[in-house]
Amino acid sequence: MTKDTSNQMWGGRFAAGPDAIMEAINASIGFDQRMAAQDIAGSRAHAAMLAKAGILTDNDAEAIREGLLTVLSEIDAGTFAFSTALEDIHMNVEARLKDIIGEPAGRLHTGRSRNDQVATDFKLWVRDQLDAAESGLLALIRALLSQAEAGADWVMPGFTHLQTAQPVTWGHHMLAYVEMFGRDLTRFKDARARMNESPLGAAALAGTSFPIDRHMTAEALGFDRPAANSLDAVSDRDFALEFLAASSICAMHLSRFAEELVIWSSAQFRFVTLSDRFSTGSSIMPQKKNPDAAELIRAKVGRIFGANTALLMVMKGLPLAYSKDMQEDKEQVFDAADNLMLALAAMEGMVKDMTANRDSLEAAAGSGFSTATDLADWLVRALNMPFRDAHHVTGTLVAMAEERGCDLPDLTLEDMQSVHSAITADVFGVLGVHNSVASRMSYGGTAPTRVREQAARWREIVG
């Protein structure tokens, strides 16, 4: 498009086109062309409504519908010529529509503004990302459930402060992430339900004097209802902020799991083996197998957090209704969505492909006096000892075992009775790691029975 054509789109308001700097800072077509499908869907719904309301003739509406389909096919085929002089996806589509069908194209914008148009397009795009995030999370949860079911009774060390704490089961650890990602799933679903109101027809900020039917366009675009306040409809970006907030928490969960996979796949732990599909070798050290996918997922969180903060900063000082600042709402959302979806897909792939090394897990489960709490609990149950006293007795026995270079089950009964004479041989029944995890039968505990129950519950939830 020429500069004169660009000026005509503005109705002659400016005598000359913007210079190169203004064009560069003002144009958003370099990134908002991603909303082409949503823009055309919104325009088709608007045109159909205008025709039904008698604002457009059926002939004009049909020409617009066919012309918009032609524009969409050109964009999909990669033959559409985007112009920075036309600033954004909305003006690019409208100008091309005019090339194709002529005068009727100028009637399409009746009863709407670019303000409600862009809000509608952006909402539709974000809604698609919420749906994609839900699909990605469901796939990841199912992969984690498969791991949990396979290793429901495999023992491993549970950690606090990254120090061995108590034995847990592999299945229990996998289900911990199922719970985390399950909360993410509900956040995306909640955000989708809350944002599903149509801005279309709010016009610039005050609504329109044309007899439009906003309920019709809302229904056509899959919204639950039209937004109830035109000022709010064009100035609201809460839907994008909620998407970024939910994405940030989800990315944080992905990063925590990625950190564990990096640690677990190291030579020092050998808890898991990651597949070659999600690992790389070293350029100089032939023995290396680097968990690059996990490390990259761990890094993605910074970009997503940054996007959330950036959009909050854009919106924090804006008076109602629309300001050009809000053009800066999209790039960071696009980038965050891309990286979240990639991280979800990569994590699902790693979880599906990874192999838990059962022998290494079990060997580590008994290290670090991991059954000390079981010993203390036994003293309370069997000897009616106050827990604080039991804690002291157990600590003394741990110190004895540490001094001798052995674990608690390796101490003799005489060793234990030297610390407290009432201890009996029954104590050895609680000191094995398998006995330990089997005893944790409280709801939400690590016992294999409870793990299988929770896995079955989640299978019903996610299908």
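Sequence order as written defines residue numbering, which begins from 1 separately in each chain. In keeping with the predicted nature of the model, local features appear solely for residues at pLDDT of at least 70, side-chain atom pairs appear and are counted solely at 80 or more, and the whole-chain, interface and lining totals rest on all residues. For the side-chain quantities, the full set of heavy atoms in the structure was used; hydrogens and water were omitted.

The protein chain has the name Argininosuccinate lyase in an unreviewed UniProt entry, where Shimia abyssi is given as its organism. UniProt positions are given in the numbering used here, feature names are shortened, and annotations may be inferred rather than shown by experiment. The record in UniProt for the protein chain states the following under Sequence similarities (unreviewed entry): "Belongs to the lyase 1 family. Argininosuccinate lyase subfamily." The Pathway (unreviewed entry) comment attached to the protein chain in UniProt states, word for word, "Amino-acid biosynthesis; L-arginine biosynthesis; L-arginine from L-ornithine and carbamoyl phosphate: step 3/3."

*Asks:* So what exactly am I meant to see when it comes to the pairing of strand β1 (residues 155-160) here?
*Replies:* Look at any regular strand and the pattern is simple: side chains alternate between the two faces of the sheet. Pairing between two strands is assigned when DSSP locates at least 2 bridges connecting them. Each helix corresponds to a stretch of at least 4 residues labelled H or I by DSSP, and each strand to a stretch of at least 2 residues labelled E; elements are numbered beginning at the N terminus. The pairing of β1 with strand β2 (residues 163-169) spans six bridges and is classified as antiparallel. Bridged to V155 within β2 is T169. The hairpin turn running from β1 into β2, its antiparallel successor, is two residues long, and H161 in that turn takes a positive phi close to 55°.

*Asks:* Would you take a moment to explain helix α19 (residues 448-462) for this structure?
*Replies:* One turn of an α-helix holds 3.6 residues; hence residues three or four places apart share an orientation. For α19, which comprises 15 residues, the first-to-last C-alpha distance of 21 Å matches the rise-based estimate of 21 Å (1.5 Å per residue) to within 8%. Only protein chains enter the accessibility calculation, which uses a 1.4 Å probe. A residue is then buried if its area is under 20% of the maximum for its type, exposed if over 50%, and partly exposed in between. Those residues of α19 lying buried are P448, R450, V451, Q454, A455, W458 and V462. Looking straight down α19, one finds that the buried residues subtend no more than 155° of arc, so they occupy a single side. By definition in these notes, contact holds between two residues if any of their heavy atoms fall within 4.5 Å. Those residues of α19 that are buried are in contact with α7 (114-150), β2, α8 (170-195) and α18 (433-439). One or two residues past the end of α19 sits G463, with phi positive at roughly 80°. What a helix should span is 1.5 Å times the count of its residues minus one. An arc is given here, and it is the one of the directions from the helix axis to the C-beta atoms.

*Asks:* Explanation requested: helix α6 (residues 89-101) in the structure shown.
*Replies:* The end-to-end C-alpha separation of α6 is 18 Å, in line with the 18 Å expected for 13 residues at 1.5 Å each. Buried within α6 are the following residues: I89, H90, M91, N92, V93, E94, A95 and L97. N or O atoms closer than or at 3.5 Å make up a polar contact, with two conditions inside protein: a donor-capable atom paired with an acceptor-capable one, and, for residues adjacent in sequence, both atoms drawn from side chains. For α6, the N-terminal capping position is held by D88, with its side-chain oxygen 3.2 Å away from the main-chain nitrogen of H90. Remark: G102 follows α6 within two positions and exhibits a positive phi of approximately 80°.

*Asks:* Quick question: what am I supposed to make of a nonpolar patch on the surface here?
*Replies:* Nonpolar side chains collect at one region of the surface, where L205, L231 and L320 lie side by side and expose about 270 Å² of accessible area between them. You can see L320 is positioned in the loop between α12 (292-315) and α13 (331-353). Using a relative accessible area of 62% as the deciding quantity, one classes L320 as exposed. Surface patches are drawn from residues lacking salt bridges whose relative accessible area is over 30%; two like charges belong together within 9 Å, two nonpolar side chains (Val, Leu, Ile, Met, Phe, Trp, Tyr) within 5 Å. Only the protein chains shown count as cover for residues, and all accessible areas are computed by the Shrake-Rupley method using a 1.4 Å probe. Salt bridges are defined as contacts in which a side-chain nitrogen from Lys or Arg sits within 4 Å of a carboxyl oxygen from Asp or Glu.

*Asks:* Is there a simple way to think about the layout of surface pockets in this case?
*Replies:* It is the rolling of a water-molecule-sized probe over the atoms that shows where space remains empty. Buriedness of a pocket was judged along seven lines, with at least five required to meet protein on both sides within 12 Å; pockets are open sets of points on a 1 Å grid over the protein atoms alone, cavities are sets where a 1.4 Å probe fits but cannot get out, and lining residues have an atom within 4 Å of a point. Grid points are joined across faces, edges and corners, and a volume is the space filled by probe spheres set on the points. As a volume, the largest pocket reaches approximately 480 Å³. Taken together, 18 residues line the largest pocket, and the ones lying closest to its centre are G158, F159, H173, A176 and E260. Secondary structure elements with two or more residues in the lining of the largest pocket: β1, β2, α8 and α11 (238-264). Considering every element that reaches the lining of the largest pocket, the biggest residue donor is α8, with five residues. Under the convention adopted here, Pro, Cys and the residues Ala, Val, Leu, Ile, Met, Phe, Trp and Tyr are nonpolar, Asp, Glu, Lys and Arg are charged, and Gly plus all remaining residues are polar. Looking at side-chain class alone, the lining of the largest pocket contains nine nonpolar, five polar and four charged residues.

*Asks:* Before we go on, may I ask you to explain the side chain of E260 in this structure?
*Replies:* By secondary structure assignment, the location of E260 is in helix α11. Ignoring sequence-local partners within four residues, the contact set of E260 consists of H173 and Y177.

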